[in-house]
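Descriptive analysis of the structure
One-letter residues, chain by chain:
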Amino acid sequence: MSDATLLQINNLSCIRDDRVLFEHLSLSLAGGQMLLVEGHNGSGKTSLLRILTGLKLADEGDILWNGVSITKLTADYYEQINYVGHHDGVKRELTCLENLRLVQAMGKPADMDLDDALEAVNLYRYGDTPVSNLSAGQKRRLALARLLVAESTLWILDEPFTSLDKKSMASFETMFEQHLQNQGMIVMTSHHQIDMPESNLLRLDLSA
């Protein structure tokens, strides 16, 4: 493991309903790198991401952060990650601002003002709007605004571009690239074509 490596996956295996989704999976990720997880539906993409978040246990293998198993780090590791799943994960009964305040209360708040975060995702006028009144694309942009208001090194994103138009996708690609330039890391699944520097991009095809 090199000095730059932060995340290391060792001999990981995942079985669901007696079917092997993936096995003997090993790789490492350093600051400034993105891992794009590809594969057909049912190949284990979401399962891998949930294992990386600690929400799901692998059937075999281990995940190391700075050389230490995440099962030993627990809260110290969770503080380093920001997870946006396939579902938006926003509370419909709360307003946009209330959702972001909740994110900050549960993690390590970033310096960015919440109104600035909403403006960055084109939701500035909706700060006091209940999430239940937002469109699918607006809910997705709010979910991704969580990346701006909580400090974290590792962003784990499951189909982040769902319900987004091309303009919004381009805006978030710029945000992702800035995170990598700041030596952050991203593990992501996407059925959409992404425009990111290949020099920082690793690909993992679980269908192979």
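Given the structure is predicted, the values throughout are model-derived calculations rather than measurements. (Residues numbered from 1 in each chain as written. Predicted model: local features only at pLDDT ≥ 70, side-chain atom pairs only at ≥ 80, totals over all residues. Heavy atoms only, no water.)

Considering the confidence of the model for the protein
Should pLDDT be low for a region, the predicted coordinates there are not to be read in detail. In the predicted model, the protein carries a mean pLDDT of 94, and 99% of its residues have values of at least 70. Per-element confidence in the protein ranges from a low mean pLDDT of 91 for helix α3 (residues 75–78) to a high of 98 for strand β7 (residues 154–158). (pLDDT = per-residue confidence, 0-100. Helix = DSSP H or I, 4+ residues; strand = E, 2+ residues; numbered from the N terminus.)

What to know about the sheet that holds strand β3 (residues 34–38)
The five strands lie next to each other as β6-β7-β8-β3-β9, forming an open sheet whose pairing is parallel. Where the open sheet ends on each side, the last strands, each with one partner, are β6 (81–84) and β9 (201–205). The average undirected angle you get between the axes of adjacent strands in this sheet is 15 degrees. Here four bridges tie β3 to strand β8 (residues 185–189), and the two strands are oriented parallel to one another. (Pairing = 2+ DSSP bridges. Axes fitted to C-alpha atoms, helices over the stretch in contact; angles between N-to-C directions.)

Quick notes on a negative patch on the surface
Taken together, the side chains of Glu98, Asp113, Asp115, Asp116, Glu119 and Asp128 present a region of like negative charge at the surface. In terms of residues, the negative patch owes the most to one element, helix α5 (residues 114–120), which gives three residues. The exposure class assigned to aspartate 115 is partly exposed, which follows from its relative accessible area of 31%. (Patch = residues over 30% accessible without salt bridge, like charges linked within 9 Å, V, L, I, M, F, W, Y side chains within 5 Å. Areas by Shrake-Rupley, 256 points an atom, 1.4 Å probe, with all protein chains shown as cover. Salt bridge = Lys/Arg side-chain N within 4 Å of Asp/Glu carboxyl O. Lys, Arg positive; Asp, Glu negative; His and termini not counted. Charge placed at Lys NZ, Arg CZ, Asp CG, Glu CD. Buried < 20%, exposed > 50% of the residue type's maximum accessible area, 1.4 Å probe, protein only.)

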